[in-house]
Amino acid sequence: MNILVYFEERAGSIRKPSYEAIEAARSIGATSITAVIVTASAASVLSDTVKRSGVSKIIVVEEARFAHYSSRAAGKAVAEVAKQANADVVIIPATARGKDLAPRVAVRLHAGYVPDVTALAMHEGRLQATHPVYAGKANVTIDVLTPKKVYSTRPNLWKASKEQAESAIVENVTVAFDEKDFAEQTKELVLSQGKLDVAEADIIVTAGRGMKGPENWGLIEGLASAFGAAIGASRAVVDAGWRPHSEQVGQTGKTVSPTLYVAIGVSGAIQHLAGMSSSKTIVAINKDANAPIFGVCDYGIVGDAFEVIPQLTEEVKKIKH
Amino acid sequence: MKIIVCVSHVPDTTTKINLGADGKNIDPAGVKFILNPYDEFAVEEALKLREKNTGEVIAISVGSDAAKEAIRQALAMGADKGILVKGEKSDSFSVAEMLAEAIKPIGADLILLGKQSIDFDGMEMAPMLSELLDLPAATVVVGLAIEGTNVTAEKEVEGGKEIISLSLPCIISAQKGLNDPRYPSLPNIMKAKSKPIEEISGSPASGRTSIIKMDKPEKKRVNKIIKAEGNPQGAAIELVKLLHEEAKVL
Ligand SMILES: Cc1cc2nc3c(=O)[nH]c(=O)nc-3n(C[C@H](O)[C@H](O)[C@H](O)COP(=O)(O)OP(=O)(O)OC[C@H]3O[C@@H](n4cnc5c(N)ncnc54)[C@H](O)[C@@H]3O)c2cc1C
Ligand SMILES: Nc1ncnc2c1ncn2[C@@H]1O[C@H](COP(=O)(O)O)[C@@H](O)[C@H]1O
C-alpha cells in the first residue's frame with residue numbers, strides 16, 4: 001500500500017499534525033510513505049526534521065505563487081502527485097487548511113473521502129476509518145469503495161514518533177498551474193498575538209459561565225500558565241462577550257483532543273462535549289455535583305472554582321518545577 | 001445579485017440519538033429535525049446582501065420531501081424561492097454532485113453554505129462544490145466584504161484568521177461570528193407558506209463510501225470525583241497527584 005501524506009507548511013515550517021499523519025499511515029502497514037510539500041520556497045521547509053520523519057520519499061511542488069496560498073491550486077498539486085506517485089491512500093491532517101484541501105483532492109481523484117478520522121485500522125484486508133458524527137454522540141465506521149481513498153486525520157490523536165535516521169529522498173515535481181488555480185489567494189495571516197491556540201495545545205484549561213465575569217479570568221490565566229496550557233471558553237462566555245470566539249470549544253467552535261482538558265465552571269452541554277470528548281484525560285471542576293460534565297470526566301472536583309483554582313495553581317506549579 | 005444558499009435538514013443537537021435497527025444509521029423516530037444552524041448564518045448573509053444590492057435569494061436542498069422544512073425555514077427568514085433536489089444522500093460526494101448539477105444552470109453570483117452540517121459533521125460540501133463548479137471558494141468564514149466583484153473573506157484558522165481574496169462568482173461557507181441570524185417573524189412564516197418550492201429529481205451516483213456500522217462511543221472514563229467541601233487545598237493536592245501518578249499527564 002502506497003500512502004501519500006500531505007505535509008502542511010506554515011511560516012516556513014511543517015506543522016505537527018503532518019508528523020502525526022505519518023504515524024497513522026504507519027499504523028495501517030504502509031509499504032511506502034511519501035510526503036508531499038506544496039510550497040513557495042522549498043529551501044526553508046526542507047529542514048532535516050522533514051527528512052528524518054521516516055518517510056521514504058518527499059515530493060516537493062515548488063511554485064512562487066504559493067506565497068499566497070490557494071486551496072484550489074494546492075488541491076490540484078496534491079492530486080497530481082497522488083496520481084504520479086501511484087498512491088492508494090492520501091492522508092491529509094484535518095487542520096483548518098486540511099479540511100478545505102482534502103475534499104478537493106477527493107473530487108479530483110474521484111475518490112471516496114472520510115473526514116476528521118479518529119481511528120484508522122485494517123480489518124480483513126479493508127481499511128476502516130472511524131469518524132465521529134452527531135456532535136460526537138455516535139461514531140461511524142466507513143469503508144471507502146473507490147480504489148483511491150482520501151482521509152483527513154484529527155490532530156493530536158496519533159503520536160508523532162521520534163526522529164529517525166535521515167533516509168528520505170527528495171524529488172521535485174512540476175505541476176502545470178493556470179491562472180484560475182490561483183483565483184483565490186490567502187493574502188494575510190493574522191495571528192492572535194503570543195497566544196497558544198486551543199486547536200494546537202496539548203493542555204487546555206477551559207472556563208465557562210461559572211467564572212461569573214470576564215474580570216475573573218486572571219485566575220484562569222494563572223492556572224493555564226502553571227499548566228503551560230491554552231485557554232478555552234464555552235459558548236456561553238463567548239456569546240456574553242467575555243472571551244473571543246477563537247477560544248470557543250465545541251460544535252460551533254473548535255474541535256480539540258488535547259492530552260489534558262480541564263473544564264472549570266462549564267456545565268457540559270452536549271454541544272460543548274462535541275468539541276472535546278476525544279480528549280485523552282478530562283478534568284472537571286464545578287460546584288454542582290450533578291453537572292453533566294461530571295458524567296464524562298476522568299477526574300473531578302466538586303467545589304467552588306474561586307476556592308479551588310488558587311490551590312490547584314499552586315500544586316501544579318510545585319509538580320511542574 | 002443572484003444568491004444561492006445550500007441548506008440541510010438535520011437532527012437538532014439536543015435530541016437524543018438512538019441507533020437504528022440496521023446498525024448503520026440513527027433511528028429517526030422522535031428525532032426533531034431543524035435547519036442546520038450554520039446554514040442560518042449563510043441565509044442571513046444572503047439576505048443582508050440582497051438588502052444592499054437587490055436581487056434574489058434561492059434556498060436549495062438535496063434530500064427527501066422532509067428537507068422542504070429546512071427550505072421553508074430559509075423562506076421564512078426571507079429567501080425568495082426554494083429548490084428541492086430529490087435524491088438519495090448516499091454520501092457527501094454524491095450530494096455535492098447533485099447540488100452542483102442543480103446550481104450550474106442557475107448562474108448564481110454567490111453560493112453560500114454553512115461550514116458544516118451537524119449530522120455528519122463533514123465540512124466537505126463547499127470545497128467539493130468549488131471543484132465541481134470550478135469556482136473559487138473561501139470556507140469557515142467569519143467576515144465577508146464584497147466590493148463590486150472583489151470579495152474579501154476572513155477564514156478562521158488555528159491561532160488566528162486568514163484573509164482570503166477572491167472574486168465573484170464564488171463559494172463561501174459560513175462560520176458562527178459572520179452575523180446574527182434573524183428570527184423569522186410570524187407574518188414572514190405565514191408568507192413563506194405560499195413561496196414557491198420547485199422540485200427536481202437528482203441523479204445520485206452510487207456512494208463512493210459505505211457505512212459499515214454506527215455505534216456509540218464507549219465511555220471508558222475513570223470518573224473519580226473528589227469533594228472539595230471546606231478543603232480545597234486537599235482536593236487540589238489529590239487531583240494533581242492523580243494527574244501525575246495515575247493519568248501520567250503531568
Ligand atoms: C446550535 C448550538 C451550538 C452550540 N455550540 C456550542 C459550542 O460550540 N460550545 C459550547 O460551549 N456551547 C455551545 N452551545 C451552547 C451550549 O448548549 C451551552 O449553553 C453552553 O455550553 C453553556 O456554557 P457554560 O457551561 O459556560 O454555562 P452554563 O451551562 O451556565 O454552566 C455554568 C456552570 O458553572 C457552574 N458554576 C457556577 N458557579 C460556579 C463556581 N463558583 N464554581 C464552580 N462552578 C460553578 C454551574 O454549576 C454550571 O454547571 C451551543 C448551543 C446550540 C444550540
Ligand atoms: N443535503 C444538502 N442539501 C443542500 N445543502 C447541503 C446538504 N448537505 C450539506 N449542505 C450544505 O453544505 C454545508 C456543509 O455541509 P457538510 O459538508 O455536510 O458538513 C451545510 O452547512 C449546507 O450549507
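Rules used in this analysis
- Residues numbered from 1 in each chain as written.
- Chains lettered and ligands numbered in written order.
- Predicted model: local features only at pLDDT ≥ 70, side-chain atom pairs only at ≥ 80, totals over all residues.
- Heavy atoms only, no water.
- Domains from an automatic or database assignment.
- Helix = DSSP H or I, 4+ residues; strand = E, 2+ residues; numbered from the N terminus.
- Buried < 20%, exposed > 50% of the residue type's maximum accessible area, 1.4 Å probe, protein only.
- Contact = heavy atoms within 4.5 Å.
- 1 Å grid on protein atoms, 1.4 Å probe; cavity = no way out; pocket = protein on both sides within 12 Å on 5 of 7 lines; lining within 4 Å.
- Points joined across faces, edges and corners; volume = space filled by probe spheres on them.
- Buried area = accessible area lost by both parts, 1.4 Å probe.
- Polar contact = N/O pair within 3.5 Å; in protein donor to acceptor, adjacent residues only side chain to side chain.
- Nonpolar A, V, L, I, M, F, W, Y, C, P; charged D, E, K, R; others polar.
- Pairing = 2+ DSSP bridges.
- Axes fitted to C-alpha atoms, helices over the stretch in contact; angles between N-to-C directions.
- Near = heavy atom within 4 Å.
- Areas by Shrake-Rupley, 256 points an atom, 1.4 Å probe, with all protein chains shown as cover.
- Patch = residues over 30% accessible without salt bridge, like charges linked within 9 Å, V, L, I, M, F, W, Y side chains within 5 Å.
- Salt bridge = Lys/Arg side-chain N within 4 Å of Asp/Glu carboxyl O.
- Phe/Tyr/Trp six-rings, centres within 6.5 Å; stacked < 30°, edge-to-face > 60°.
- Lys NZ or Arg CZ within 6 Å of the ring centre and 35° of its normal.

(A) Seen up close, the domain arrangement of chain B. Assigned domains within chain B: domain 1 (2-201) and domain 2 (217-250). When each unit is reduced to the centre of its C-alpha atoms, the spacing between domain 1 of chain B and domain 2 of chain B is 43 Å.

(B) Spotlight on the environment of B:S165. Position of B:S165 relative to the elements: it lies in strand β9 (residues 160-167). A residue is classified by how much of its surface remains accessible, and B:S165, at 23% relative accessible area, is partly exposed. Remark: the alpha-carbon pair of B:S165 and B:L84, spanning 81 residues in sequence, is separated by 31 Å. With residues up to four places along the chain from it excluded, the contact list for B:S165 reads A:A183, A:E184, A:Q185, A:K187 and B:V151.

(C) Spatial organisation of the layout of surface pockets. A volume near 710 Å³ is recorded for the second largest pocket. Lining of the second largest pocket is provided by 28 residues; of these, A:R235, B:P37, B:E40, B:F41 and B:P181 occupy positions nearest its centre. Breaking the lining of the second largest pocket down by element, the ones donating at least two residues are α7 (235-239) of chain A together with β3 (33-35), α1 (37-53) and α2 (68-77) of chain B. With four residues, α2(B) is the largest single contributor of residues to the lining of the second largest pocket.

(D) Focus on the domain arrangement of chain A. Residue and element names in this part refer to chain A. On domain assignment, one finds that chain A holds domain 1 (3-182) and domain 2 (203-320). Listed by partner, the interface residues are six residues for domain 1 and seven residues for domain 2. Both faces considered, domain 1 and domain 2 share a buried interface measuring about 580 Å² in area, 53% of it formed by carbon and sulfur atoms. It is A135, R154 and N156 in domain 1 that bury the most area against domain 2; as a group they hold 63% of the surface buried on that side. Viewed at the interface, domain 2 and domain 1 are joined by two residue pairs in polar contact (both at pLDDT 80 or more). Partitioned by chemical class, the residues of the side of domain 1 that touches domain 2 number three nonpolar, one polar and two charged.

(E) Examining the sheet that holds strand β10 (residues 138-144) of chain A more closely. What the four strands build is an open sheet, ordered β8(A)-β9(A)-β10(A)-β12(B); its pairing is antiparallel. Looking at strand neighbours, the two that pair on one side only are β8 (119-123) of chain A together with β12 (209-215) of chain B, the edges of this open sheet. When the angles between neighbouring strand axes are averaged without regard to direction, this sheet yields 30 degrees. By the bridge criterion, five bridges tie β8(A) to strand β9 (residues 126-133) of chain A in an arrangement that is antiparallel. Paired with A:A121 across the bridge in β9(A) is A:Q128.

(F) Just the site of ligand 1, in detail. Residue and element names in this part refer to chain A. The environment of ligand 1 is made up of 27 residues, and the closest members are K212, S234, T252, S267 and Q271. Between ligand 1 and R235 there is a distance of 2.9 Å, counted from an oxygen atom to a backbone nitrogen or oxygen. G253 is positioned with one of its backbone polar atoms (N or O) 3.4 Å from an oxygen atom of ligand 1. Protein chains shield 80% of the accessible area of ligand 1, which is 990 Å² for the free molecule. For the shell around ligand 1, the elements supplying multiple residues, two or more each, are α7, α8 (270-276) and α9 (305-320). Taken together, the residues of the shell around ligand 1 break down into seven nonpolar, 14 polar and six charged.

(G) Geometry of the site of ligand 2. Residue and element names in this part refer to chain B. Around ligand 2 lies a shell of 19 residues, among which C6, D39, S117, M123 and E124 are the nearest. Between ligand 2 and D39, the relevant distance is 2.5 Å, taken from an oxygen atom to a side-chain nitrogen or oxygen of the residue. Contact between ligand 2 and M123: an oxygen atom at 2.8 Å from a main-chain N or O atom of the residue. The fraction of the free accessible surface of ligand 2 (480 Å²) that becomes covered by protein chains is 97%. Elements represented by at least two residues in the shell around ligand 2 include exactly β4 (56-63), α3 (92-103) and β6 (110-114). Here the element with the most residues in the shell around ligand 2 is β4; it accounts for three residues. For the shell around ligand 2, the residue count by class is nine nonpolar, seven polar and three charged.

(H) A nonpolar patch on the surface, seen in detail. A cluster of nonpolar side chains, B:L186, B:I189 and B:M190, forms an exposed patch at the surface whose accessible area comes to about 300 Å². Residue placement: B:L186 occurs in helix α5 (residues 186-192).

(I) Highlighting the packing of aromatic side chains. Residue and element names in this part refer to chain A. Per the stated rule, a full pass over the model turns up seven aromatic pairs over all chains. Consider the rings of W217 and W242, whose centres lie 5.9 Å apart with planes at 70 degrees: the pair is edge-to-face. With a gap of 25 residues between them, W217 in helix α6 (residues 217-227) and W242 in the loop between α7 and β16 (260-264) connect regions that are remote in the sequence. A residue is classified by how much of its surface remains accessible, and W242, at 22% relative accessible area, is partly exposed. In this structure an aromatic cluster arises from ring pairing among F66, Y69, F177 and F182. When the ring centre of Y69 is taken as reference, the NZ or CZ atom of R97 above it lies at 3.4 Å.

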